[in-house]
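Listed below are the residues making up each chain.
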Amino acid sequence: MWSAESTRKESDLAGAKGGEHMSGDPSELEWAIQTLVKNYDKYAGKGCCCRRRRGISKKDFRKMLSHELNHMLTDTKNKHAADKLICDLDENRDGQISFDEYWNLIGGIASPISCLIRQQEESVKFTK
């Protein structure tokens, strides 16, 4: 299992109370980040000789869209729409979706959702 502890020093994980080590279950945010990283790894190809991550191929990206984002994005089964999204995300034009490019997709999906949530919260405030 991926762990934030593998990327940070133990001292960085000390709690605010006198340097106590934080333990227990991951927070919702930590769990969400782990899920996003695992999802990327699930669809990203692995290089056979150097074990270097290559990125998500067009074929695997289309598969990810239809399996993982079919409730949040429209036309996830439309090859042309998926290919256009790949072209828009693929900043370095290497035909693969890198983790940073994938992260741009996640941000592009999350931003309008956060706006909708804020609008709903505001409308609830005004109706009370």
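Up top is the structure these notes are about.
Not measured: the values here are computed from a predicted model.

Participant: Break down the environment of S123 for me, with residues and values.
Facilitator: As for its placement among the helices and strands, S123 is situated in helix 4 (residues 99–127). The partly exposed category is assigned to S123, whose relative accessible area is 39%. Within polar-contact distance, the side chain of S123 engages the backbone oxygen of Q120 at 2.9 Å.

Participant: Provide a residue-level description of helix 3 (residues 79–89), including the pertinent values.
Facilitator: For helix 3, the full list of buried residues reads A82, D83, I86 and L89. Along the long axis of helix 3, the arc covered by the buried residues comes to 125 degrees, so they all point the same way. Seen from the open side of helix 3, the exposed residues pointing more than 90 degrees away from its buried face are H80, K84 and D88. With a side-chain oxygen positioned 2.9 Å from the backbone nitrogen of H80, the residue opening helix 3 is N78.

Participant: An account of unusual backbone geometry is requested, with residue identities and associated values reported.
Facilitator: In this model, D75 sits at a positive phi of 60 degrees, which is unusual for a non-glycine residue. On the secondary structure map, D75 appears in the loop between helix 2 (58–68) and helix 3. Positive phi is not limited to glycine here, since R93 has a value of about 55 degrees. As for its position among the elements, R93 is in the loop between helix 3 and helix 4. Of the residues examined, R93 reaches a relative accessible area of 60% and is grouped as exposed.

Participant: Please give an account of the nonpolar core that cites residues and values.
Facilitator: Most often, soluble globular proteins have nonpolar side chains that are buried together. Grouped together as the largest cluster of nonpolar side chains are 16 residues, with contacts concentrated most on I56, F61, M64, L69, I97, Y102 and L105. Those elements giving two or more residues to this core turn out to be helix 1 (28–43), helix 2, helix 3 and helix 4. No other element matches helix 4, which puts 4 residues into this core. Those residues in contact with F61 that lie beyond four places of it in its chain are I56, A82, L85, I86, L89, I97 and L105.

Participant: Hey, could you go over the packing of aromatic side chains for me, with residue numbers and the actual values?
Facilitator: Enumeration according to the criterion identifies 4 aromatic pairs in this entry. Consider the rings of Y40 and Y102, whose centres lie 5.2 Å apart with planes at 55 degrees: the pair is tilted. Here the residue Y40 occupies a position in helix 1, and Y102 occupies one in helix 4, the gap between them amounting to 62 residues. Y40 sits in the buried class, given a relative accessible area of 1%.

Calculation notes
Residues numbered from 1 in each chain as written. Predicted model: local features only at pLDDT ≥ 70, side-chain atom pairs only at ≥ 80, totals over all residues. Heavy atoms only, no water. Helix = DSSP H or I, 4+ residues; strand = E, 2+ residues; numbered from the N terminus. Buried < 20%, exposed > 50% of the residue type's maximum accessible area, 1.4 Å probe, protein only. Polar contact = N/O pair within 3.5 Å; in protein donor to acceptor, adjacent residues only side chain to side chain. Arc of directions from axis to C-beta. Core = buried A, V, L, I, M, F, W, Y, C linked by side-chain atoms within 4.5 Å. Contact = heavy atoms within 4.5 Å. Phe/Tyr/Trp six-rings, centres within 6.5 Å; stacked < 30°, edge-to-face > 60°.

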